[in-house]
Amino acid sequence: MGKIRIDFVILMLFAFPIITTAEIYIVTVEGDPVISYTGGIDGFSATAVESDEELDVTSDLVTSYRHHLEQKHDMLLGTLFAHGTYKKLYSYQHLINGFSVHISPEQAEALKQAPGVKSVHRDWKVRRLTTHTPQFLGLPTGVWPTGGGFDRAGEDIVIGFVDSGIFPRHPSFGSHNTFGPLPKYRGKCEVDPDTKREFCNGKIIGAQHFAEAAIAAGVFNPSIDFASPLDGDGHGSHTAAIAAGNNGIPVNMHGYEVGKASGMAPRARIAVYKALYRLFGGFVSDVVAAIEQAVHDGVDILNLSVGPNGPPATTKTTFLNPFDAVLLSAVKAGVFVVQAAGNGGPFPKTVLSYSPWIASVAAAVDDRTYKNHLTLGNKKILPGIGLSPATHADRTFTLVAANDVLLDSSAFKYSPSDCQKPEVLNKNLVEGNILLCGYSFNFVVGTASIKKVSETAKSLGAIGFVLAVENSSPGTKYDPVPVGLPGILIADVTKSMELINYYNISTSRDWTGRVKSFKAVGSIGDGMRPILHKSAPQVALFSGRGPNIKDYSFQEADLLKPDILAPGSLIWAAWSPNGTDEANYMGAGFAMISGTSMAAPHIAGIAALVKQKHFHWSPAAIKSALMTTSTTLDRAGRPLQAQQYSGSETVSLVPATPFDYGSGHVNPRAALDPGLILDAGYQDYLGFLCTTPGIDSHEIQNYTNSQCNFTLGHPSNLNSPSITISHLVGTRTVTRTVTNVAEEETYVITARMEPAVAIDTNPSAMTLRPGASRKFSVTLTVRSLTGTYSFGEVLLKGSRGHKVRIPVVAMGYER
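Residues numbered from 1 in each chain as written. Predicted model: local features only at pLDDT ≥ 70, side-chain atom pairs only at ≥ 80, totals over all residues. Heavy atoms only, no water.

**Some points on the overall build of the protein**
Phase 1 of the analysis: A count of helices and strands for the protein gives 19 helices and 44 strands.
Phase 2 of the analysis: Relative to its full complement of 815 residues, the protein shows a buried share of 62%.
Phase 3 of the analysis: Surface summary for the protein: the accessible area is close to 30,000 Å², and the carbon and sulfur share equals 51%. (Helix = DSSP H or I, 4+ residues; strand = E, 2+ residues; numbered from the N terminus. Buried < 20%, exposed > 50% of the residue type's maximum accessible area, 1.4 Å probe, protein only. Areas by Shrake-Rupley, 256 points an atom, 1.4 Å probe, with all protein chains shown as cover.)

And the structure:
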């Protein structure tokens, strides 16, 4: 019942304006970070790890080299600038070699010219971008039992959340003294400065906050933003609960239980890295510091509901910037990174997670909807949205419009039809009746809320309320909002006009327009029961779409994004009572919101279940298991559909493509036993970068500290669980390598493609023993030029029942 909240943290590509002339810059310098240092400096032995190997940050070698790098950073700044003219905010040593510093633009120019400095980027600002989904995904019956039940699901796996913090006293995060120590995790727990209580309890295993850049910029207010991991927004608590919240937590709203909440991996541990704040968002300097700390502490999975608001303007490619370079190093250290795909849909090229080493998640609408109806005295039944109880059975109640029950005509200056101010309405006329209000633009911009309408109606003694939408912006989507008394939103303008016409005809007035008698009556139905439908899942309207792009000029990349689809619409999960960002859930312990921010932690939690079963799998192997076992069919067995704007800008459904859903909708049960995986590591990602046209090898070395000694021939040869050729001329053959992670099995390989592009595979079948790897090739040939992409798939069907599906995307061009 309210305009949709679409949650996703956006990395803005400009610095936040501040009063002083100083600004925040992220600087990278020559020399390897800890993760890639192979030796060569006297007195400091190598610290580099092989691909997908955990970094031992406790070793004396790492500690010594890390201090060496930090001293070099301090020496560089101290040599260039006088003491007191700059402030170093962070040193980055583990994943990238550099620092964040608060200096003037003139000092930044001097830094750019200094020997040993590789890049100087002005910091860019960041802002924010379940009860039923475990059942929808088949976790309680098909996945949790295989790992020992819900009370073991995700055991000892640590998920790190770079977000807005956490509300530690929420029952979704209670420990009940059932979580023991976990020696492999090295994070720390801050103490709440007000309560003096630790944020950690065993379930929450680490809690830190990062705000040096925000403080330097002069926008941090500790009384609102909390100088601690405490969630001042709600977003961080929501994402953490979706991924790893405790199982069976009752969701109580206004005295009604709307279900029981559970995370995807209810026994996984939660590590909190707060770098986002309610009023201003945050800064990349703080986010990078949080990611560095998370990898240092030993998280297994990293959930990021943050991404750019567009391709980075300061670098030549979407894949290379301080943010994505840090994530590449995190993956090298064996951390599985999940990122929300963005909420710019349904338009093309709106996906905001670009790099192959990241699992980019699109948002789906699941099978649960809340519907309600208003029955009028003329027997007409008007459909609407209302997550509320019904009015008394077999009774109708008088309808009174807010504008007709004003105490004083001067109240018109307060937009009284919004029903936000009970003091301007006559309680004697409202009491015992249904209050009729108007859904104005104030609700769209957030200055009015449905929660406040409910509070107004209740304080005046109304039996319930109706909100009528008289003017709807094209494409506006309305979500149900839980309220304690009967209430309904009539979102269809034509139905709202039927209501208003009936009210006007039934209401008698004197010559001045004042009401003489209210005769319109109605009753509100029960909206508390969800309706489950088989047309799910569908790609949500807001979910960011491909094709993926490789640079600021929106040139298309030879890499499919998004990677996978997961529930992200109307997700119930924990909320922080401190949060004031969402007016309809102020003071509430739970909220139901939408966004790819909600889809990403579904994948993070399911990845924790895969990691628990296959602990030594690489991030690429986990990603492959999730992607190759996903489904492109809905619950009714029909091809997936995507919400889209029709010609009149109303929302309709169209056949979905891999640019909408990537490989398909996640299938957790199948992901635990994928049969085959397509693995890749750090060197493969370097090969992808070095083979992508338009990327300068010096730029690659700047961000990765690695030479381009390895080539894939073409970026589409990256061993990813998808195949994309954005510019297919004539014929091209790509290869993939699969590894058997099950018993010996024979696979038959088939392929299909839309007619404009021919597809062929070789060999047609192969037998793999446990642990064995085999290559196969896929040949694509242009048949006709359509000016559009062709979609298809390669299917490997195993004799033991495994099915491995790889989406294929290509656009043909003339020679």
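Further notes follow.
**Some words on the nonpolar core**
Phase 1 of the analysis: I159, I301, F336, W572, Y585, I603 and L626 are the most contacted members of the largest nonpolar core, which totals 73 residues.
Phase 2 of the analysis: When residues of this core are assigned to their parent elements, the largest contribution, 10 residues, is made by helix α14 (residues 596-613).
Phase 3 of the analysis: Those residues within four positions of I603 in sequence are excluded, and the remaining contacts are F336, V338, V361, I564, A566, L626 and V666.
Phase 4 of the analysis: One finds A211, V295, F319 and A330 within the second-largest nonpolar core, a separate group that totals 72 residues. (Core = buried A, V, L, I, M, F, W, Y, C linked by side-chain atoms within 4.5 Å. Contact = heavy atoms within 4.5 Å.)

**Focus on empty space enclosed by the protein**
Phase 1 of the analysis: Size it by volume and the largest cavity reaches roughly 110 Å³.
Phase 2 of the analysis: Along the walls of the largest cavity sit 16 residues, with P356, K623, Y685, S720 and P721 positioned nearest its centre.
Phase 3 of the analysis: Element by element, the count of residues in the lining of the largest cavity is highest for helix α15 (residues 619-628), at 3 residues.
Phase 4 of the analysis: When its residues are assigned to classes, the lining of the largest cavity shows 9 nonpolar, 4 polar and 3 charged. (1 Å grid on protein atoms, 1.4 Å probe; cavity = no way out; pocket = protein on both sides within 12 Å on 5 of 7 lines; lining within 4 Å. Points joined across faces, edges and corners; volume = space filled by probe spheres on them. Nonpolar A, V, L, I, M, F, W, Y, C, P; charged D, E, K, R; others polar.)

**Points about the environment of I593**
Phase 1 of the analysis: Looking at where I593 falls in the secondary structure, it is placed in strand β33 (residues 590-593).
Phase 2 of the analysis: Judged by its relative accessible area of 2%, I593 falls in the buried class.

**Concerning the sheet that holds strand β37 (residues 723-729)**
Hydrogen bonds between backbone atoms are what pair the strands of a sheet, whose relative direction is either parallel or antiparallel.
Phase 1 of the analysis: Judged by pairing direction, the sheet is mixed, and its 5 strands sit side by side in the order β37-β44-β43-β39-β41 without closing on themselves. Every interior strand has two partners, whereas the edge strands, β37 and β41 (765-768), have only one. Between one strand and the next, the sheet's axes are offset by a mean angle of 25°, whatever the strand orientation.
Phase 2 of the analysis: Summarising the sheet, strand β39 (residues 745-753) and strand β43 (residues 790-798) pair through 7 bridges and their orientation is antiparallel. Within β43, the position partnered with I749 by the bridge is L796. (Pairing = 2+ DSSP bridges. Axes fitted to C-alpha atoms, helices over the stretch in contact; angles between N-to-C directions.)

**Some points on the environment of C708**
Phase 1 of the analysis: Relative to the helices and strands, C708 is located in the loop between α19 (697-704) and β37.
Phase 2 of the analysis: By relative accessible area, C708 is classed as partly exposed at 32%.
Phase 3 of the analysis: In this structure, the C-alpha to C-alpha distance between C708 and L689, residues 19 residues apart in sequence, is 8.6 Å.
Phase 4 of the analysis: Those residues in contact with C708 that lie beyond four places of it in its chain are C690, S697 and I700.

**Looking at the packing of helix α8 (residues 284-297) against helix α9 (residues 322-332)**
Phase 1 of the analysis: Direction vectors running N to C along α8 and α9 enclose 5°, while the axes themselves pass 10 Å from each other. Considering their axes alone, α8 and α9 lie roughly parallel with respect to each other. Only F323, V326, L327 and A330 of α9 make contact with α8, whose side of the interface consists of V287, V288, I291 and V295.
Phase 2 of the analysis: In terms of residue class, the contact of α8 with α9 is built from 8 nonpolar, no polar and no charged. (Parallel < 35°, antiparallel > 145°, perpendicular 65-115°, else oblique.)

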